Amino acid sequence: MAAPAGSPDRARPNIGEQVTIGHPDVTDGVACWRLAEATGTLDVNSRYAYLLWCRDFAATSVVARRDGEVVGFVTGFRRPEEPSTLVVWQVAVDAAARGRGVAAAMLDALFDRVADVDHLEATVTPDNTGSIALFSRFAARRGAQLSRSELFGAELLGSGHEPEILFRIGPVHR
Ligand SMILES: CC(C)(COP(=O)(O)OP(=O)(O)OC[C@H]1O[C@@H](n2cnc3c(N)ncnc32)[C@H](O)[C@@H]1OP(=O)(O)O)[C@@H](O)C(=O)NCCC(=O)NCCS
């Protein structure tokens, strides 16, 4: 289907020809864990959690590879109580590969690969400019509504954690 008039090209050629996007293998869990740790901003889960994710949620997750190395990942899941919603859990791109559209290309590729979803949800902390831009730009590219509401307040998260604001985007057209 042709892109609606006025919507930007989704091919995002600036990620470079050598970057490929695909679903992760179990062993990619190690690289995802390392990337998450290296961001210094994400809540890093256990190495086990990333391995498990790459085994059981590979169909709703993607990795970006350059020269065979994982340089980015998006982990996600289909919301059990609302299967038409894809929830993005974490996104990370290696610092050396940022600013070239890798995260945006992963988000587009993932959404388009998961069958029968029409909404995307993610939570962001109010101080995460990159994350806010990533999801706002996704909504704009797809001509979709973006609504914001607090999902988990600071008191629930504890340890001085910023609140997590739910970004709900949709309906998203393919
Ligand atoms: C957030 C992150 C994933 C973005 O990755 P990236 O590959 O550099 O992002 P992209 O190049 O695809 O940028 C997507 C859009 O967001 C914008 N953007 C990305 N980072 C930005 C920043 N720090 N400040 C402002 N805008 C930013 C880009 O300009 C682009 O907008 P455009 O479509 O108008 O050009 C990356 O910075 C990262 O890994 N950060 C640490 C982990 C994290 O915070 N993850 C998100 C929470 S789950």
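Look up: the structure comes first, before these words.
Report on the accompanying structure. These numbers were taken from a predicted model, which means no experiment stands behind them. (Residues numbered from 1 in each chain as written. Predicted model: local features only at pLDDT ≥ 70, side-chain atom pairs only at ≥ 80, totals over all residues. Heavy atoms only, no water.)

### Brief notes about the pattern of salt bridges
Item 1. Inspection of every chain in the model, using the stated rule, returns eight salt bridges.
Item 2. In this structure, Asp56 and Arg55 form a salt bridge, with 2.9 Å as the shortest nitrogen-oxygen distance.
Item 3. On the accessibility criterion, Arg55 (56% relative accessible area) is exposed.
Item 4. Among the ionic pairs, Arg142 bridges to Asp108, the shortest N-O distance being 3.2 Å. (Salt bridge = Lys/Arg side-chain N within 4 Å of Asp/Glu carboxyl O. Buried < 20%, exposed > 50% of the residue type's maximum accessible area, 1.4 Å probe, protein only.)

### So, the site of the ligand
Item 1. In the vicinity of the ligand, 22 residues are found, and the nearest of them are Val91, Gly99, Gly101, Asn128 and Arg137.
Item 2. In this structure, Val91 approaches the ligand through a main-chain N or O atom, which is 2.7 Å from a nitrogen atom.
Item 3. For the ligand, an oxygen atom lies 2.9 Å from a polar atom in the backbone of Val93.
Item 4. Taking a 2 Å distance to the grid points as the criterion, the majority of the atoms of the ligand fall inside the largest pocket.
Item 5. Where the shell around the ligand is concerned, the elements lending two or more residues are strand E4 (85-93), helix H3 (102-113) and helix H4 (129-141). (Near = heavy atom within 4 Å. Polar contact = N/O pair within 3.5 Å; in protein donor to acceptor, adjacent residues only side chain to side chain. 1 Å grid on protein atoms, 1.4 Å probe; cavity = no way out; pocket = protein on both sides within 12 Å on 5 of 7 lines; lining within 4 Å. Sits in = over half its atoms within 2 Å of the grid points. Helix = DSSP H or I, 4+ residues; strand = E, 2+ residues; numbered from the N terminus.)

### Comments concerning the sheet that holds E4
Item 1. A sheet is described by the order of its strands in space; here seven strands give the open sequence E1-E2-E3-E4-E5-E7-E6, paired in mixed fashion. Where the open sheet ends on each side, the last strands, each with one partner, are strand E1 (19-22) and strand E6 (146-152). Along the sheet, successive strands turn relative to each other by an average axial angle of 25°, direction set aside.
Item 2. Sheet topology note: the strand E3 (residues 69-78)/E4 ladder contains seven bridges and is antiparallel. Among the inter-strand pairings, Gly72 is bridged to a residue of E4, identified as Val93.
Item 3. Those strands touched by helix H1 (residues 28-39) are strand E2 (62-66), E3 and E4, and its axis lies near 95° from that of E3.
Item 4. Sitting on the sheet, helix H2 (residues 47-56) is in contact with E3 and E4, with an inclination near 70° to E3. (Pairing = 2+ DSSP bridges. Axes fitted to C-alpha atoms, helices over the stretch in contact; angles between N-to-C directions. Contact = heavy atoms within 4.5 Å.)

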